[in-house]
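Observations on the three-dimensional arrangement
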Amino acid sequence: MEHEASSFETSEMLASFVASTPLLEQSWKLCQLANTKRDELVTQHVGEAIHVAFSGGGGMHGLDTICGNLVPLIDKSSKNREMFSAFERQEDEVVMVHSGFLHQFVCMYNNSTFQNQMLDILKERKSLVLTGHSFGGAIASLTSLWLLSYLHSISASFSVLCITFGSPMLGNKSLSRAILQERWAGNFIHVIGKHDIVPRLLFAPLDQVTNHLHCLLQFWHSSMKLEDLSCSEQSLFGTQNSQLLKFVLVHINAAAENLEKGAADLGSAFSPFGNYMFCSDDGAICMDNDIAVTKLLHVLFSTATVSSVHEDHMNYTGYVENISSQFLKRRGYVEVGDVPDHPNYDAGLALALQSSGISTSHEPAYEVAKDCLKMAKRMGRTPNLNSANLAIRLSKINPLRAQIEWYKASCDASDEQMGYYDSFKMRGASKRHFRVNMNRIKLARFWKEVIEMLETNQLPHDFHKRAKWVNASQFYKLLVEPLDIAEYYGKGLHRTKGHYIKHGRERRYEIFDRWWKDRKVPYEEQNIKRSNFASLTQDTCFWAKVEEAREWLDDLRHAENDPLKSALLWQNVEEFEKYSNGLVERKEVSIDVLAKDSSYSLWVEELKAVKSQLLRFPPQYAGFLVGEAV
């Protein structure tokens, strides 16, 4: 069975789990304790699990932490590559996180006491809950990402759950997508108060409002430490902070609109990741779609007042208590009269709106929130439906693949002894060849559509990690790419465009290469020696390399008066000979490669003849000529 990084496939499942257990209450109490301590983290054993809480006041001593910029999570010149190795494979996008929080985490990580403490926890227990309030939530998230990367690298089975309360945004959309692709979204749940400003702060350019933030941060820090407040109520709820509320509200709205239009900059804009549980006095709702989360952050904040914005950040005790009662309502453990008399979908929508604290009196926020919830439901369901439909279509095109397999078997067994590749390259106008070529084209259309759907977010973000699709794409590549190469050289396209690997290879094959390379290989399947030749040549570009090697030998005949060119050509030939010999010795080629009249066999014979001729001249390439060709 395929390994899943998270046990929770949907935000509803995760929300139901945490609401039906003491997890939220235990985590929040530990966060309160951590906020009063000088230590960076506090641990507590709870049954079979260990809870670790990070102090939320660490970054509130000044504005440097909160006003930082986004920086790459993986810095090739630092140790971050080791800490977050799972994100190093994100080749197309730069995963970025908040510089202040990353710096704070790295400083903590470099403390040997912290590393030893965390590694001891991994040895002692099989479940870990990381939690944090305010800025501590951001540190808890980074610690979770480090642990998940580490556990992934050693293929360890360990449960990691991160629960944050009023945590600020951490990274860009590329981080969110990378987490989804690794199937780690279910490991994160962010509890957010209806009017808490901290999760919304980083959508705004805070360097423009540093004076407004100073008193606010001081107020929260004093509240966490249970100290006397040095800021007066007048300064806390005055005109400046009213302007801060409006300033942040405008920028959240802009962020939501950009995300919905697809205009958000993947590198420079903050984006939600994981699951978000929005709390009010009436309960909570949970969602995981980044667009819906950002829109709801704006809609709920539009009903805030200056006093509620500041108080909500410290008011999670009441919210945590209300979440359990909300769970009971949804499970039907209240009187029937408490549930709206609507069809199931409308009833669920009405309960969700009620839980968010938005009522019909909050127009136009009510209708916007309603549309937002509908969109989240629709967008959350569509990718999985598309994936299911593709699976059905894949089963329907399997006969096309089977016909090509039959064609290969007949070519390999043919008396012509040309093999699969050369038979298709030199094909005539028979119905058999025509049918195989049409199957090749139809399969290409299907897989091209799969790539387009994945890149336009129409499929689950972890689609390319699912064993079904990784294996199916690999088999397609092994079977069909030799035909594409044969078509390319059979039509002489290399003469006008250049050789296949650099100038003719379809992008989908490069993508499938990455899927196969990044797959998780069970230990028992590693380093297995073959006893028979492979059914399909394992390097799908083998025949393209053969065609280049044939050209090198041909060029050698015309480079006798150019020693430098001859030496370079011989070096290329020698490297290919060594490479191809290795494939044959490891039996990583199909038997059609060794067919008597295949392009490869003819190249080997031609190489022997060239070597034989060169032996009559001074051995300028003695090191090469003593080699043996298969």
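Residues numbered from 1 in each chain as written. Predicted model: local features only at pLDDT ≥ 70, side-chain atom pairs only at ≥ 80, totals over all residues. Heavy atoms only, no water.

**Some points on the overall build of the protein**
Within the protein, the secondary structure is distributed over 26 helices and 11 strands. Looking at the protein residue by residue over its 630 residues, the buried ones come to 51%. Of the contacts made within the protein by residues no fewer than 6 positions apart, 78% connect residues no fewer than 24 positions apart. By element, 50% of the accessible surface of the protein is carried by carbon and sulfur atoms, the whole surface being about 30300 Å². (Helix = DSSP H or I, 4+ residues; strand = E, 2+ residues; numbered from the N terminus. Buried < 20%, exposed > 50% of the residue type's maximum accessible area, 1.4 Å probe, protein only. Contact = heavy atoms within 4.5 Å. Areas by Shrake-Rupley, 256 points an atom, 1.4 Å probe, with all protein chains shown as cover.)

**Notes on the sheet that holds strand β8 (residues 188–193)**
The strand order β1-β2-β5-β6-β8-β10-β11 describes an open sheet built from seven strands, whose pairing is mixed. The two strands at the open ends of the sheet, each matched to only one other strand, are β1 (41–46) and β11 (283–287). Each neighbouring strand pair of the sheet contributes to a mean axis angle of 20°, computed without reference to strand direction. Bridge count between strand β10 (residues 275–280) and β11: five bridges; the pairing is antiparallel. In the sheet register, Ser280 faces β11, and the bridge partner there is Gly283. Lying over the sheet, helix α5 (residues 112–124) contacts β1, β2 (49–54) and β5 (127–133), oriented at roughly 10° with respect to β1. (Pairing = 2+ DSSP bridges. Axes fitted to C-alpha atoms, helices over the stretch in contact; angles between N-to-C directions.)

**Considering the pairing of strand β6 (residues 159–165)**
The buried count for β6 comes to six of seven residues, which makes it a mostly enclosed element. Here β5 pairs with β6 via seven bridges, running parallel. Note on β6: the bridge partner recorded for Leu130 is Cys162. Regarding the hand of the β-α-β motif, the stretch spanning β5, helix α6 (residues 135–153) and β6 is right-handed. (Right-handed = clockwise from strand over helix to strand, strands pointing away.)

**So, the confidence of the model for the protein**
This prediction gives the protein a mean pLDDT of 81; 76% of its residues lie at or above 70. Within the protein, helix α19 (residues 467–490) carries the highest mean pLDDT (96), whereas helix α26 (residues 622–625) carries the lowest (47). Here residues 1–9 is a poorly scored stretch, pLDDT under 50, and it has 20 contacts once near neighbours within four places are set aside; other chains count. Note on residues 621–630: pLDDT is under 50 here. Beyond four places in sequence and across chains, it has 27 contacts. (pLDDT = per-residue confidence, 0-100.)

**A look at the packing of aromatic side chains**
The full count for this structure, using the stated rule, is 34 aromatic pairs. Between Phe446 and Trp447, the ring centres sit 5.3 Å apart and the planes meet at 85°, which makes this aromatic pair edge-to-face. This pair shows no difference in class: Phe446 is buried, exactly as Trp447 is. Members of the aromatic cluster, connected to one another through ring pairs, are Phe446, Trp447, Phe463, Trp469, Tyr476, Tyr509, Phe512 and Trp515. (Phe/Tyr/Trp six-rings, centres within 6.5 Å; stacked < 30°, edge-to-face > 60°.)

**So, the nonpolar core**
Formed by 80 residues in total, the largest nonpolar core has its most connected members in Phe84, Phe87, Phe105 and Phe278. No other element matches α6, which puts 10 residues into this core. Once you skip the residues sitting within four places of it in the chain, Phe84 turns out to touch Leu73, Ile74, Leu102, Phe105, Leu142, Leu145, Trp146 and Ser149. Core analysis: the next-biggest nonpolar cluster, separate from the first, contains 60 residues, Leu390, Trp447, Ile485 and Phe542 among them. (Core = buried A, V, L, I, M, F, W, Y, C linked by side-chain atoms within 4.5 Å.)

**Comments concerning the environment of Phe273**
Following the sequence through the fold, Phe273 ends up in the loop between β9 (270–271) and β10. Sequence spacing of Phe273 and Gly171 is 102 residues, and the spatial spacing of their C-alpha atoms is 8.3 Å. Residue contacts for Phe273: discarding those within four places in its chain leaves Ser141, Leu170, Leu175, Ser176, Ile179, Phe188 and His190.

**A look at the environment of Val95**
Within the secondary structure layout, Val95 lies in the loop between α3 (80–83) and β4 (96–98). Since its relative accessible area comes to 7%, Val95 is described here as buried.

**Here's the deal with helix α23 (residues 542–556)**
With 15 residues, α23 extends 21 Å from end C-alpha to end C-alpha; this agrees with the ideal 21 Å at 1.5 Å per step. Along α23, the residues that are buried comprise Phe542, Trp543, Ala544, Val546, Glu547, Glu548, Ala549, Trp552, Leu553 and Leu556. (Expected span 1.5 Å × (residues − 1).)

**A few points about the side chain of Asp462**
Among the secondary structure elements, Asp462 is positioned in the loop between α18 (431–455) and α19. Classification of Asp462 by relative accessible area gives buried; the value is 8%. A polar contact is formed between the side chain of Asp462 and the side chain of Arg466, at a distance of 3.1 Å. When sequence neighbours within four positions are dropped, the list of residues in contact with Asp462 reads Leu180, Gln181 and Arg183. (Polar contact = N/O pair within 3.5 Å; in protein donor to acceptor, adjacent residues only side chain to side chain.)

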